[in-house]
Amino acid sequence: MEPSTFSTPVGDFADLRDDFLRLTTEIGWCTVATVDGRDRPRSRIMHVSWEVGDAGPTGWVSTSRTPVKTAHLARNPYVSCSYWTPAHDAVFVDCRATWLEPGDTKRHVWDLVAAEATQRGFDPYAVWPDGPTDAGFEVLQFDPWRVQITLQDLANGQTIGSSRVWHAAGRPASTRRAALPLIPTGPPSHRGRPVTADAASRAARHRGNAP
C-alpha cells in the first residue's frame, strides 16, 4: 500500500499498539456499524474489550443476539468500529464479526469483561446471574482487517495531524487468543454482593451492547 497525502501505512501493529490501547481504553464505548439486507448501515454503541497478540488485536463483545444484529451479521459479517474524542483523536477498526457458539469456551472472555465491568462501576452478575454459563451471555469476536488511528495537531491548526493505517496480513487462527490482556483479569464481582438500584441501572446500560 502506497502512502497517501492523508495516511501512512504501518506494517507492524506494534507501531500502533500503545495509541490503540490508550485511546480505546480511555474512550471506552464505540460506534459499531453493520449493514442490513438493502445495504443500508445501522449503528449502535457497544463496548469492546481488546487484546493485542502477535497477529494484531482481537475484540470481544458481551452482547445479545438481537434480531437486527443477528440478521445483519448472518448476511454480512463485517462491522466498522469508531472511537472519537472531543480533541479529535480517533480510532477506526474494521473487523469480521463471529458469534462464539455454545461449544466454545467463554470463560476467558467472561474474566476479561467482568474485570473491566467492575473497574467501570457495575456488577456483571446483575446482567448475567450465572456468569459465563448464563444462557444470555453471548459473545461476538471481532477480528480486525484494518485499523486506522488519527491524532490531532490543534496547536498547528490541524484537526488531523497524523493518520496511520494497518492492514492484517493473514492471521493464523492459533494466534488469535495468544494475546496480551488489556487489563488485569482479577476476580470479578462477588455473586452474593447486594446489587443497588444504581448498580443495576449501570449494568443495564452496559447490556445495551444491543440493537
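Residues numbered from 1 in each chain as written. Predicted model: local features only at pLDDT ≥ 70, side-chain atom pairs only at ≥ 80, totals over all residues. Heavy atoms only, no water.

*Asks:* So what's going on with helix α3 (residues 107-119)? Residues and values would help.
*Replies:* An ideal rise of 1.5 Å per residue puts 18 Å on 13 residues; α3 measures up with 18 Å between its terminal C-alpha atoms. Of the residues making up α3, those classed as buried are Val 109, Trp 110, Leu 112, Val 113, Ala 114, Ala 115, Glu 116 and Ala 117. Immediately beyond the C-terminal end of α3, within one or two residues, lies Gly 121, with a positive phi of roughly 100°. (Helix = DSSP H or I, 4+ residues; strand = E, 2+ residues; numbered from the N terminus. Expected span 1.5 Å × (residues − 1). Buried < 20%, exposed > 50% of the residue type's maximum accessible area, 1.4 Å probe, protein only.)

*Asks:* Mind laying out the packing of aromatic side chains, listing which residues take part and the relevant values?
*Replies:* All told, the structure shown has seven aromatic pairs when counted by the stated rule. Ring centres of Trp 110 and Phe 137 lie 5.1 Å apart, and the angle between their planes is 80°; this geometry places the pair in the edge-to-face category. Taken together, the residues Trp 110 in helix α3 and Phe 137 in the loop between α3 and β8 (138-153) connect sequence positions 27 residues apart. Summarising the burial analysis for this pair, Trp 110 and Phe 137 share the class buried. Three or more aromatic residues link up through ring pairs in this structure, and these residues are Phe 13, Phe 20, Trp 50 and Trp 166. (Phe/Tyr/Trp six-rings, centres within 6.5 Å; stacked < 30°, edge-to-face > 60°.)

*Asks:* Tell me about unusual backbone geometry, and name the residues and values.
*Replies:* Negative phi characterises most residues that are not glycine, and trans characterises most peptide bonds. The phi dihedral of Asp 39 is positive, around 65°, even though this residue is not glycine. Of the residues examined, Asp 39 reaches a relative accessible area of 55% and is grouped as exposed. In this model, His 88 sits at a positive phi of 75°, which is unusual for a non-glycine residue. Its location among the elements puts His 88 in the loop between β6 (78-84) and β7 (90-99).

*Asks:* Mind laying out helix α1 (residues 14-27), listing which residues take part and the relevant values?
*Replies:* An ideal rise of 1.5 Å per residue puts 20 Å on 14 residues; α1 measures up with 20 Å between its terminal C-alpha atoms. Residue Phe 20 marks the point of greatest curvature in α1, where the axis turns by about 25°. Those residues of α1 lying buried are Leu 16, Asp 19, Phe 20, Leu 21, Leu 23 and Thr 24. Looking one or two places after α1, you find Gly 28, whose phi comes out positive at around 85°. (Bend = angle between axes of the 7 residues up to and from the residue.)

*Asks:* Any chance you could break down the pairing of strand β4 (residues 49-53) for me, citing the residues and the numbers?
*Replies:* Along β4, five of the five residues are buried, which leaves the element largely enclosed by surrounding structure. The alternating pattern of β4 places Ser 49, Glu 51 and Gly 53 on one face and Trp 50 and Val 52 on the opposite face, and all of these are buried. Pairing of β4 with strand β5 (residues 56-63), which is carried by five bridges, proceeds in the antiparallel orientation. The partner of Trp 50 across the bridge, within β5, is Gly 59. Turn length for the β4-β5 hairpin, with the two strands adjacent in sequence and antiparallel, is two residues. (Pairing = 2+ DSSP bridges.)

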